[in-house]
Amino acid sequence: MVLNITDQLKKEIPLEEESLVISGNVKTGLVLVDIINGFCTVGAGNLAPREPNSQISEMIEESERLARVFCEQKWPVLAFLDSHQPDKLEHPYPSHCIAGTEESNLVPALRWLEKEPNVMIRRKDCYDGYIGSIQEDGSNAFADWVKTNNIELLLVAGICTDICVLDFVCSTLSARNRGFLTPLKEVVVYSGGCATFDFPVSVAKQTKDGLAHPQEMMHHVGLYMAKGRGAKIANEVSFCEMKKP
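What counts, and where the lines are drawn
Residues numbered from 1 in each chain as written. Predicted model: local features only at pLDDT ≥ 70, side-chain atom pairs only at ≥ 80, totals over all residues. Heavy atoms only, no water. Salt bridge = Lys/Arg side-chain N within 4 Å of Asp/Glu carboxyl O. 1 Å grid on protein atoms, 1.4 Å probe; cavity = no way out; pocket = protein on both sides within 12 Å on 5 of 7 lines; lining within 4 Å. Points joined across faces, edges and corners; volume = space filled by probe spheres on them. Nonpolar A, V, L, I, M, F, W, Y, C, P; charged D, E, K, R; others polar. Helix = DSSP H or I, 4+ residues; strand = E, 2+ residues; numbered from the N terminus. Expected span 1.5 Å × (residues − 1). Buried < 20%, exposed > 50% of the residue type's maximum accessible area, 1.4 Å probe, protein only. Polar contact = N/O pair within 3.5 Å; in protein donor to acceptor, adjacent residues only side chain to side chain. Pairing = 2+ DSSP bridges. Disulfide = S-S within 2.5 Å.

A.B. asks: So what exactly am I meant to see when it comes to the pattern of salt bridges here?
C.D. replies: Pairing between side chains of opposite charge can happen when the charged atoms of each approach one another. Taken as a whole and assessed by the stated rule, the structure comprises 8 salt bridges. With a closest N to O distance of 3.5 Å, Glu-102 and Arg-111 form a salt bridge. Here Arg-111 ties to Glu-114 by a salt bridge, and the two come within 3.1 Å at their closest N and O atoms. Bridged by salt links that share partners, the residues Asp-34, Asp-82 and Lys-124 form one connected network.

A.B. asks: It is not clear to me how empty space enclosed by the protein should be interpreted in this structure. Could you clarify?
C.D. replies: Where empty space is left becomes clear once a probe the size of a water molecule has been rolled over the atoms. This model, assessed by the stated rule, comprises 2 cavities of 30 Å³ or more. Along its surface, the largest cavity is lined by Phe-39, Leu-47, Asp-82, Glu-90, Tyr-93, His-96, Tyr-127, Ile-159, Cys-160, Ile-163, Cys-164 and Phe-197. Taken together, the residues of the lining of the largest cavity sort by class into 9 nonpolar, 1 polar and 2 charged. Each pocket or cavity is described by its volume, and for the second largest cavity that value is around 30 Å³. Forming the walls of the second largest cavity are His-84, Gln-85, Lys-88, Leu-89, Glu-90, Pro-94, Ser-95, His-96 and Ile-98. Partitioning the lining of the second largest cavity into residue classes produces 3 nonpolar, 4 polar and 2 charged.

A.B. asks: What exactly am I supposed to notice about helix α3 (residues 54-72) here?
C.D. replies: Three or four residues apart is the spacing at which side chains of an α-helix point the same way, because the helix has 3.6 residues per turn. Relative to the 27 Å expected for 19 residues at 1.5 Å per residue, α3 spans 27 Å between its end C-alpha atoms, a close match to the ideal helical length. If you check which residues of α3 are buried, you get Gln-55, Ile-56, Met-59, Ile-60, Glu-62, Ser-63, Leu-66, Ala-67, Val-69, Phe-70 and Cys-71. The backbone nitrogen of Gln-55 lies 3.1 Å from a side-chain oxygen of the residue at the head of α3, namely Asn-53. One or two residues past the end of α3 sits Lys-74, with phi positive at roughly 60°.

A.B. asks: I'm lost on the pairing of strand β2 (residues 28-33) in this one. Help?
C.D. replies: Each regular strand shows side chains that alternate between the opposite faces of the sheet. By the criterion of burial, β2 is predominantly enclosed, with 6 of the 6 residues buried. The side-chain alternation of β2 yields two buried faces, one formed by Thr-28, Leu-30 and Leu-32 and the other by Gly-29, Val-31 and Val-33. Of the pairings in the sheet, the one linking β2 to strand β5 (residues 153-159) comprises 6 bridges and is parallel in character. When the sheet's bridge partners are listed, Leu-32 is paired in β5 with Ala-157.

A.B. asks: Is there a simple way to explain the state of the cysteines in this structure?
C.D. replies: Should the sulfur atoms of two cysteines be covalently bonded, the bond is a disulfide. The final tally for this structure, using the stated rule, is 0 disulfides. Take Cys-126: it sits in no disulfide, and the sulfur closest to it among the cysteines is that of Cys-164, at 8.1 Å.

A.B. asks: Mind showing me how you'd approach unusual backbone geometry here?
C.D. replies: Most peptide bonds are trans, and most residues other than glycine sit at a negative phi. Between Ile-159 and Cys-160 the backbone carries a cis peptide bond, its omega angle lying at 0°. Mapped onto the fold, Cys-160 is located in the loop between β5 and α5 (161-177). The linkage connecting Thr-182 with the following residue, Pro-183, adopts the cis geometry, with an omega of 15°. Take Pro-183: it is sitting in the loop between α5 and β6 (186-195). At Asp-34, a position not held by glycine, the phi torsion is positive, near 55°. Its relative accessible area of 0% is what places Asp-34 among the buried residues. Of note in this structure, Cys-97 is not a glycine but carries a positive phi near 50°.

Below you can see the structure in the form of structure tokens.
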């Protein structure tokens, strides 16, 4: 049997995933990375999907499922929203998710999060939510959120698996290893709650500065790299029977 390139990649760099069962015994925080119109809603901007995409749709559905449980239990949730000033572009990407536009807002399925008292919304102007959380006085809003909520386990979902999700996870793990995020112990990336974009080589060749970005392959690579940095990768996230808060 002839394997396609993505199957061959998965064979050469296999990714071991595990099930995660969340209970109230370990203080857990949920981070949602850039689940906004500019990356997820068809036709919403330069980096939005051009047509419905099953991987992105699953990410939104699973992120909403997790967020509902976290909010019912009043557990901490942090949502990063990519928001840029018009004069500050991110090469090689075109203008996207401009602050004050619908592109930089949560997708409709998650807009309800803005009214939840246990949710912190953090607009960032770079790939990496950790770096994007540095404030003018030198403090870090994400680090403060972890410490204030005594988070021991961090569950991460969002887009793009191999860009903003990966960059945030790598910085978070480095900061944890240096003792900057006490009491954080574990970072778990939920594969079903993550997605990336599809930019075939045929399109990339016709686009100035375009870099090919096959979706399934780069999703796998992003997860593999996160695991290589020390994150756990979960292919299933469930909850113990919860008590009413």
